[in-house]
Amino acid sequence: MDCNCPDKTPAAKRKEAAALLHYMIHHNQHHTDELYDIANMLDGEAKELIHAAVIGYEQANDKLEKAYVLLGVRAEPGDHVHEHEHHHNHHHDHECDEEA
């Protein structure tokens, strides 16, 4: 997505970085939700490993969101990013997910 144009201003680079981060945060969130659903179709060690991966995705997304906020640039409708906002609020209490 970056054209590596030498004439890009720091503000333009910052805006592009913000747009890319915004896109990636929402893209990752979609995958996180899918992985959580897959984990809940399984049991045992596979389920636990996927749940651990989901937690890792969430932690990484938290860091990306902090970086996005630090940029101080809001993505705008024309920036080719997802327009919807949603956050992953699944609980990771594994005992509740497993059959008795």
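All values derive from a computational prediction rather than experimental measurement.

1. Topic: the nonpolar core
Soluble globular proteins tend to bury their nonpolar side chains together.
Here is step 1 of the chain: Ala 18, Leu 21, Ile 25, Tyr 68, Leu 71 and Val 73 form the largest nonpolar core, which has six residues in total.
Here is step 2 of the chain: Only α1 (10–39) and α2 (44–71) provide two or more residues apiece to this core.
Here is step 3 of the chain: No other element matches α1, which puts three residues into this core.
Here is step 4 of the chain: In this structure, Leu 71 is in contact with Arg 14, Ala 17, Ala 18 and Leu 21, ignoring residues within four places of it in sequence.

2. Considerations on the pattern of salt bridges
Here is step 1 of the chain: Going through the model one piece at a time under the given rule, you end up with one salt bridge.
Here is step 2 of the chain: With its nearest N and O atoms 2.2 Å apart, the salt bridge here joins Lys 8 to Glu 16.
Here is step 3 of the chain: Using a relative accessible area of 17% as the deciding quantity, one classes Glu 16 as buried.

3. Focus: a nonpolar patch on the surface
Here is step 1 of the chain: A contiguous nonpolar patch, built from Ile 38, Met 41 and Leu 42 and spanning about 290 Å² of accessible area, is present on the exposed surface.
Here is step 2 of the chain: With respect to the element layout, Leu 42 can be found in the loop between α1 and α2.
Here is step 3 of the chain: For Leu 42, a relative accessible area of 35% translates into the label partly exposed.

4. So, the environment of Leu 35
Here is step 1 of the chain: Looking at where Leu 35 falls in the secondary structure, it is placed in helix α1.
Here is step 2 of the chain: Note: C-alpha distance between Leu 35 and Ala 53 (18 residues apart in sequence) is 8.3 Å.
Here is step 3 of the chain: Leaving out residues up to four positions away in the same chain, Leu 35 has contacts with Ile 50, Val 54 and Tyr 57.

5. Topic: the side chain of Asn 61
Here is step 1 of the chain: Turning to its location among the elements, Asn 61 is positioned in helix α2.
Here is step 2 of the chain: Accessibility expressed as a relative area gives 2% for Asn 61, which makes it buried.
Here is step 3 of the chain: The residues contacting Asn 61, other than those within four sequence positions of it, are Met 24, Ile 25, Asn 28 and Gln 29.

6. Description of α2
Here is step 1 of the chain: The end-to-end C-alpha distance of α2 is 41 Å, a good match for the 40 Å that 28 residues give at a rise of 1.5 Å each.
Here is step 2 of the chain: By the burial criterion, the buried members of α2 are Lys 47, Ile 50, His 51, Val 54, Glu 58, Asn 61, Tyr 68 and Leu 71.
Here is step 3 of the chain: Just past α2, the residue Gly 72 takes up positive phi, approximately 65°.

Rules of the game
- Along each chain, residue indices are assigned from 1 in the same order as the chain's sequence is written.
- The model is predicted, so local features are restricted to residues of pLDDT at least 70 and side-chain atom pairs to those at 80 or more, both for listing and for counting; the totals for chains, interfaces and linings are taken over all residues.
- The basis for the side-chain values is all heavy atoms of the structure; hydrogens and waters are excluded.
- The term nonpolar core refers to a set of buried residues drawn from Ala, Val, Leu, Ile, Met, Phe, Trp, Tyr and Cys, joined through side-chain atoms within 4.5 Å.
- Throughout this description, buried means an accessible area under 20% of the type-specific maximum (1.4 Å probe, protein chains only), exposed means over 50%, and partly exposed covers the range between.
- Note on conventions: DSSP H or I runs of at least 4 residues are helices, E runs of at least 2 residues are strands, and numbering of each starts at the N terminus.
- Here, two residues are considered to be in contact whenever any of their heavy atoms come within 4.5 Å of each other.
- A pairing counts as a salt bridge when a side-chain nitrogen of Lys or Arg comes within 4 Å of a carboxyl oxygen of Asp or Glu.
- Candidates for patches are residues over 30% relative accessible area with no salt bridge; among them, like charges are joined within 9 Å and nonpolar side chains (Val, Leu, Ile, Met, Phe, Trp, Tyr) within 5 Å.
- Note on areas: Shrake-Rupley, 1.4 Å probe, and residue coverage restricted to the protein chains presented here.
- To estimate how far a helix should reach, multiply one less than its number of residues by 1.5 Å.

Honestly, that's just the spatial picture; any functional story needs more than this.
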